[in-house]
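Given next are the chains, with one letter for each unit.
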Amino acid sequence: MQKISLGLSLAFALVTSAGAEPSTAEQFRPYYPPEALAAGLNGEATLRCNMSPALVLEKCRLVSETPAKAGFGAAALRLAALSQPNPHAAFPPERNRIMTFRFTASPLGITPDTLKPLVVVKNPDWVRLPTPEESSRVFPSTATADQGRAVVQCHVAVDQTMADCRVVAETPEGQGFGPAALELTKVFRMTPKTYDDVPVAGHPVIVPIVFQRPPPAKSRD
């Protein structure tokens, strides 16, 4: 039987501090690429960062930006450098965390909001996970590897579904584990909470999924 392993210790999202007023459009404006903002251009940039126990982003490197050469990568690196320690947080440090910054020109906004301390989702409440049969159906038929891993980033919708999912990492690449993980997200249902039990519907979550090829079916004599 094929197994799907969810890295629940990694399945949390960065959001603004619970109870804090979100940053305003005018506060975001200095950090939005000016030419992109003038053109009404939306964009995103994915970084790979280390994270301190107080949820400060450190040693960030640009992984990708869309659209290219529009300034979103540099803007995301600048915003990551502004992340502030959360006095309530005391988590093990992390290396190579994937962070995707999304820029919206109208209404003007940037997520995650690093102008405020970050919080982390813990103990996600998985209302529904894929069944073994559902996960078996999506194992890539053309994969040559017996095991694969994909990391997807989604937004948790109000109805507990996973929305706007995208692959942020895939190992090995090009063997179909990313698309397989995206297919599985259609059956996930999740009610995440922050460290102080504030619902975070609408915010991004990171879900690592590990696939293991099922053994060949035994023949019946």
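Below is a short write-up of the structure. (Residues numbered from 1 in each chain as written. Predicted model: local features only at pLDDT ≥ 70, side-chain atom pairs only at ≥ 80, totals over all residues. Heavy atoms only, no water.)

1. Re helix H5 (residues 177-184)
Looking at H5, one finds that the buried residues are Phe 177, Gly 178, Ala 180, Ala 181 and Leu 184. Buried residues in H5, looked at end-on, bunch into an arc of 160°, giving them a common side. (Buried < 20%, exposed > 50% of the residue type's maximum accessible area, 1.4 Å probe, protein only. Helix = DSSP H or I, 4+ residues; strand = E, 2+ residues; numbered from the N terminus. Arc of directions from axis to C-beta.)

2. Side note on the state of the cysteines
Across all of its chains, the model carries one disulfide by this definition. Shown here is the disulfide that connects Cys 49 with Cys 60, its sulfur atoms set 2.1 Å apart. Disulfide Cys 49-Cys 60: torsion about the S-S bond near 115°, hence right-handed. Remark: Cys 60 occurs in strand E4 (residues 57-66) and Cys 49 occurs in strand E3 (residues 43-51); sequence separation between them is 11 residues. Relative accessible area serves as the criterion here: at 0%, Cys 49 is assigned to the buried category. (Disulfide = S-S within 2.5 Å.)

3. Some points on the side chain of Thr 100
Structurally, Thr 100 is set in strand E5 (residues 94-104). Since its relative accessible area comes to 6%, Thr 100 is described here as buried. Separated by 3.1 Å, the side chains of Thr 100 and Thr 46 make a polar contact. A polar atom in the side chain of Thr 100 sits 3.2 Å from the side chain of Arg 166. Those residues in contact with Thr 100 that lie beyond four places of it in its chain are Glu 44, Ala 45, Thr 46, Thr 111, Pro 112, Gln 153, Arg 166 and Val 168. (Polar contact = N/O pair within 3.5 Å; in protein donor to acceptor, adjacent residues only side chain to side chain. Contact = heavy atoms within 4.5 Å.)

4. Re unusual backbone geometry
Pro 67 follows Thr 66 through a cis peptide bond whose omega is -10°. Take Pro 67: it is sitting in the loop between E4 and helix H3 (72-81). Geometrically, the link from Thr 111 to Pro 112 is a cis peptide bond, its omega value of -5° lying close to zero. By the secondary structure assignment, Pro 112 is in the loop between strand E6 (109-111) and strand E7 (118-128). Phi at Lys 59 takes a positive value of approximately 50°, unusual for a residue other than glycine. By the element assignment, Lys 59 lies in strand E4. On the basis of relative accessible area, Lys 59 is assigned to the exposed category, the value being 67%.

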